[in-house]
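Each chain, letter by letter, is given below.
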Amino acid sequence: MIDRGWTGIVLAGGKSSRMGADKALMLHEGRTLLEKAIALLRPHAREVLVIGDPAKYADHWDHVHPDDAPGEGPLRGLVTGLRAARYVRVLVVACDMPSVGDRALIRLKQSLDLAGDAVVPRHPGGVEPLVAAYHRRCLERFENCLRNERYRLTDALSEVDTRYLDLVPGKGGWAEDIFRNINSPDDL
């Protein structure tokens, strides 16, 4: 049985400058990227929040929270979500990563329950802090980073007990494109 005592957070902010239009509302395989991210999180979380502009997304989901400081990047969006979350354990998914699946979320949840403040996938190409599990214990330290104008999420991870979920896309049953990011119309 899947433990649903979690908050799911979809990060839907961002400028979408390379896309030329709001990428959260772009169609991918018949649904918007936003709808796909919400549908991915729903079986894993009792509440799902969208962090972004309510004027853009309220017609698509009832629980949209405006970013505390739009334009300051994903760490600010994550802090907004951690503050708004009803549950202390949070799954985060960026809306522009449609290939992340249930298996990854289940592994993140299991790993966070074992130890640490954050569990972030790591692969040969880097880390993926926008598909990760966080505990609310991270909030104060993440807020400190923002106060000190340290906006990079990877910098914030060094301030908390971060564990890494090592995986290799295309191996061990993981999809080759699991962390594919949609940034331009050609990526659709």
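Summarised in this report is the structure supplied together with it. (Residues numbered from 1 in each chain as written. Predicted model: local features only at pLDDT ≥ 70, side-chain atom pairs only at ≥ 80, totals over all residues. Heavy atoms only, no water.)

## Here we look at the nonpolar core
We apply this condition: To qualify as a nonpolar core, a set must consist of buried Ala, Val, Leu, Ile, Met, Phe, Trp, Tyr and Cys residues joined through side-chain atoms within 4.5 Å. Exposure is judged per residue with a 1.4 Å probe applied to protein chains only, and the accessible area is read against the type maximum: over 50% gives exposed, under 20% gives buried, and values in between give partly exposed. Only DSSP runs of H or I reaching four residues or more are called helices, and only runs of E reaching two or more are called strands; each is numbered from the N terminus. We call two residues contacting when some pair of their heavy atoms lies within 4.5 Å.
Ranked by internal contacts, the top residues of the largest apolar core, which has 33 residues, are Val 10, Leu 34, Val 50, Leu 105 and Leu 108. When contributions to this core are tallied by element, the ones reaching two or more residues are α1 (33–41), β4 (47–51), β6 (89–94), α4 (102–114) and β9 (131–135). With 5 residues, the single largest contributor to this core is α1. Aside from chain neighbours lying at most four places away, what touches Leu 105 is Leu 40, Leu 41, His 44, Leu 91, Val 93 and Val 100. Within the second largest apolar cluster, 23 residues are counted, among which are Ile 51, Leu 78, Cys 138 and Ala 156.

## What about the environment of Leu 108?
Summarising the element assignment, Leu 108 is placed in helix α4. What makes Leu 108 buried here is its relative accessible area of 0%. C-alpha of Leu 108 to C-alpha of Lys 56: the two residues are 52 residues apart in sequence and 29 Å apart in space. Contacts of Leu 108, omitting those with residues within four sequence positions, involve Leu 91, Val 119, Pro 121, Val 131, Ala 132, Ala 133 and Leu 165.

## So, helix α5 (residues 138–147)
The condition is simple: Throughout, the arc means that of the directions going from the helix axis to the C-beta atoms.
Looking only at α5, the buried set comprises Cys 138, Leu 139, Phe 142, Glu 143, Cys 145 and Leu 146. Taken end-on, α5 shows its buried residues confined to a sector of 155°, consistent with a single buried face. Of the exposed residues in α5, the ones pointing more than 90 degrees away from its buried face are Glu 140 and Arg 147. Buried residues along α5 sit against α3 (74–84), β7 (118–123), β9 and α6 (153–157). Phi turns positive one or two residues past the end of α5, at Glu 149, with a value near 55°.

## Describing the packing of aromatic side chains
For clarity, the threshold we go by: Only Phe, Tyr and Trp rings take part, Trp by its six-membered ring, and two of them pair if their centres are within 6.5 Å. Stacked means planes under 30 degrees apart, edge-to-face means over 60, and tilted covers everything else. Ring-over charges, as used throughout, are those where CZ of Arg or NZ of Lys falls within 6 Å of the ring centre and within 35 degrees of the ring normal.
Evaluated as defined, the whole model comprises 1 aromatic pair. Directly above the ring of Trp 174 sits Arg 103, whose terminal nitrogen or CZ lies 3.8 Å from the centroid.

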